[in-house]
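Observations on the model geometry
So you can see what is in the structure, the chains are spelled out below.
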Amino acid sequence: IGLSGGVDSSYLAYLAVNKGLRPLVVHIDCGWNSEQAVKNIESVVKKLNIELHTFVVNWEEMKDLQRSFFKASLPDQDIPQDHAIFSALYNFADKNKIKYVLNGLNFATECIMPQNWGYQAMDYRHLKAIHSRYGERKLKDYPHINFFQRYIYYTFIKKMKIINPLNYIDYRKDDAIEKMKSEMGWQYYGGKHYESRFTKFFQSYYLPLKFNFDKRRAHLSSLIISGQITRDDALEKMKESVYSENEIGNDLEFVAKKLDWSPEEFRAIIDLPPNRHQDFPNNEKLFSFGIRSKKYLKSIFK
């Protein structure tokens, strides 16, 4: 199990242990953990008495990748983190001969997302193309997997099963939060994926400003159709401001400094004309074909 300190992964670990499993828990540190995320990870591991392995991504390489994606002026700035997290998790499972990976992805809280608001994080060709154009250093240690590894090697050769258990229960986010608060001392951090300080900034400031995307609309829509909130509740939540003016300035300065830019340089990059992921080399058609083929082959082998 990959553990970020967020709601989904923390509750998944809680559920696995309470169902009698002995999970090997892995945290992939990409350099952006919020203080609350770190405390949550410590609380979950201690309370559940589980083994934790932490994989720290080479920061200089991660920084160079993230700088490249900002220079490319793309919407999905979480790709460098997401690709590293899933790649490191699958590689770690393979190395330790573990055939089952439990994933916190779920329909109840994240089934709706407009296609042009993001892109396939596991498209290593796409990631390399952007880094090749804008990067300044070689990626020697950055964890990655290509299309063949993800859809052929792990699935059919190593027979790895990637399972989303939260899709098989009546998963209610608020109930999960209250249960973890009372039983593990876990604390909420304010928003979907805000356990990462980078993700909070990119989703709540960069996307609305540059692309006019507010991911809260998608996240709240998922909760509406899964019956967890009403549309009126969601509209009221949309009126709330994620950032105060002071907080925006502080987080922009924090992210800029970590990426070795001045606030002025960072603002100039944010002001560049927006691009689409399809403007760069990618394996979008191959991934679409691979997903269809995987479903077909699974139906045959079944």
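Quantities reported herein were computed from a predicted structural model and do not represent experimental measurements.

What counts, and at which threshold
Residues numbered from 1 in each chain as written. Predicted model: local features only at pLDDT ≥ 70, side-chain atom pairs only at ≥ 80, totals over all residues. Heavy atoms only, no water. 1 Å grid on protein atoms, 1.4 Å probe; cavity = no way out; pocket = protein on both sides within 12 Å on 5 of 7 lines; lining within 4 Å. Points joined across faces, edges and corners; volume = space filled by probe spheres on them. Nonpolar A, V, L, I, M, F, W, Y, C, P; charged D, E, K, R; others polar. Pairing = 2+ DSSP bridges. Helix = DSSP H or I, 4+ residues; strand = E, 2+ residues; numbered from the N terminus. Axes fitted to C-alpha atoms, helices over the stretch in contact; angles between N-to-C directions. Parallel < 35°, antiparallel > 145°, perpendicular 65-115°, else oblique. Contact = heavy atoms within 4.5 Å. Salt bridge = Lys/Arg side-chain N within 4 Å of Asp/Glu carboxyl O.

**Some points on the layout of surface pockets**
In this model, the second largest pocket occupies a volume close to 800 Å³. Contributing to the lining of the second largest pocket are 31 residues, with Gly-190, Gly-191, Arg-216, Leu-220 and Lys-237 lying nearest its centre. In terms of residue class, the lining of the second largest pocket is made up of 12 nonpolar, eight polar and 11 charged.

**Details of the pairing of strand 1 (residues 24–29)**
By the bridge criterion, six bridges tie strand 1 to strand 2 (residues 51–56) in an arrangement that is parallel. Residue pairing for strand 2: Ile-28 is matched across the bridge by Phe-55.

**Some details on the packing of helix 12 (residues 245–258) against helix 13 (residues 263–270)**
The contact between helix 12 and helix 13 brings their axes to 9 Å, and the two run at 95°. Accordingly, the angle class assigned to the pair helix 12 and helix 13 is roughly perpendicular. Here Leu-252, Glu-253, Val-255 and Ala-256 of helix 12 lie close against helix 13, whose contacting residues are Pro-263, Phe-266, Arg-267 and Ile-270. Across the contact of helix 12 with helix 13, the residue classes break down as six nonpolar, no polar and two charged.

**Examining the pattern of salt bridges**
Enumeration over the complete set of coordinates arrives at 13 salt bridges. Several salt bridges share partner residues, and in doing so they unite Glu-60, Lys-63, Arg-137 and Asp-260 into one network.

The quantities given are spatial measurements derived from coordinates; they are silent on function.
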